[in-house]
Amino acid sequence: MRRLPLVTAAVLAGALALTACGSSDSGSDDDAGLSVGSAYMPQPVSDTMAAGFLVITNKGAAGDVLTRVTSEVAGEVTVHKTVGQTMEEAKSLDIPAHGELVLQSGGDHLMFEQLKRKPLEGEKVAVQLHFAKTSPITVEMPVKSATYNPKTGH
């Protein structure tokens with residue numbers, strides 16, 4: 001399991017301090033009961049790394065697992081859990097039946113590593129979510145300001 005140093009975590013935390021889960025829908029897969037909303041990426045402060053947030057809602061009677069995330073903008077996209085003051089890479093995250101998987105600042109989140117280019121505010125970044133049971137879902141993740149707060153829309 002890879003851990004990011006606290007310095008890197010502190011830089012990202014500073015840039016993401018005002019972020020949380022939002023409410024704009026970004027994609028869905030109605031047949032499987034999974035839908036994705038509240039997706040966004042704060043404009044990265046780093047040339048090599050960015051964070052991403054979204055909510056996966058499962059209206060189905062069976063749970064699923066987020067197993068992998070890919071994007072054309074990054075060499076690697078990893079899923080991280082925040083444990084104490086450390087971000088730890090997670091191999092997968094469960095999506096409970098009739099429940100949600102919330103990826104938000106200060107909690108579980110996506111890390112875009114080895115950026116091929118720095119996404120700018122106003123752009124959209126395509127992200128493919130891969131699951132254990134459900135077909136992949138592509139999400140258009142809007143790039144917001146580094147201090148964007150989805151609760152206020154600013």
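Preceding this paragraph is the structure being described.
Here the residue numbers are simple positions, counted from 1 along each chain's written sequence. Only residues with pLDDT of at least 70 are given local features in this predicted model, and only at 80 or more are side-chain atom pairs given and counted; all residues enter the totals for whole chains, interfaces and linings. No hydrogens and no water enter the side-chain calculation; it runs on all heavy atoms of the structure.

Caption draft 1: Spatial organisation of the pattern of salt bridges. One speaks of a salt bridge when a side-chain nitrogen belonging to Lys or Arg is within 4 Å of a carboxyl oxygen belonging to Asp or Glu. Summed over the entire model, instances satisfying the criterion amount to three salt bridges. Note that aspartate 108 is salt-bridged to lysine 81, the shortest N-O span being 3.7 Å. Of the two residues, aspartate 108 sits in the loop between β8 (99–103) and β9 (109–115) while lysine 81 sits in strand β5 (residues 74–83), which places them 27 residues apart along the sequence. We call a residue buried when its accessible area falls under 20% of the maximum for its residue type, exposed when it is over 50%, and partly exposed in between, using a 1.4 Å probe and counting protein chains only. Classification of aspartate 108 as buried rests on a relative accessible area of 18%. Across the pair glutamate 123 and arginine 117 runs a salt bridge, and its minimum N-O distance is 2.8 Å. Each helix is a run of DSSP H or I of at least 4 residues and each strand a run of E of at least 2, with the numbering of both proceeding from the N terminus.

Caption draft 2: Representation of the side chain of threonine 78 within the structure. For threonine 78, the position within the fold is in strand β5. Given the relative accessible area of 3%, threonine 78 is considered buried. Nitrogen and oxygen atoms within 3.5 Å of one another constitute a polar contact, given that in protein one can donate a hydrogen and the other can accept it, and given that sequence-neighbouring residues count only through two side-chain atoms. At a separation of 3.2 Å, a polar atom in the side chain of threonine 78 contacts the side chain of histidine 80. Side chain to side chain, threonine 78 and glutamate 113 meet in a polar contact 2.6 Å long.

Caption draft 3: Quick peek at the environment of valine 69. Inspection of the secondary structure assignment puts valine 69 in strand β4 (residues 64–71). By relative accessible area, which is 3% here, valine 69 ends up buried. C-alpha of valine 69 to C-alpha of proline 136: the two residues are 67 residues apart in sequence and 9.3 Å apart in space. In what follows, a contact means two residues having at least one pair of non-hydrogen atoms within 4.5 Å. Filtering out sequence-adjacent residues up to four positions away, valine 69 remains in contact with Val77, Val79, Leu110, Val127, Gln128, Leu129 and His130.

Caption draft 4: Focus on the packing of aromatic side chains. Side-chain rings of Phe, Tyr and Trp, where Trp is taken by its six-membered ring, are said to pair if the distance between their centres is within 6.5 Å; with planes under 30 degrees apart they count as stacked, over 60 as edge-to-face, and otherwise as tilted. This structure, assessed with the given rule, holds two aromatic pairs. Taking 5.3 Å as the distance between ring centres and 45° as the angle between the ring planes, the aromatic pair formed by tyrosine 40 and phenylalanine 53 counts as tilted. Residue tyrosine 40 is located in strand β2 (residues 34–42), and its partner phenylalanine 53 is located in strand β3 (residues 49–58); the two are separated by 13 residues in the primary sequence. Summarising the burial analysis for this pair, tyrosine 40 and phenylalanine 53 share the class buried. Each member of the aromatic cluster is reached from another via a ring pair, and the members are Tyr40, Phe53 and Tyr148. The ring of tyrosine 148 has lysine 144 lying over it, and the distance from NZ or CZ to the ring centre is 5.1 Å. Geometrically, a charge over a ring is one whose NZ (Lys) or CZ (Arg) sits within 6 Å of the ring centre while staying within 35 degrees of the ring normal.

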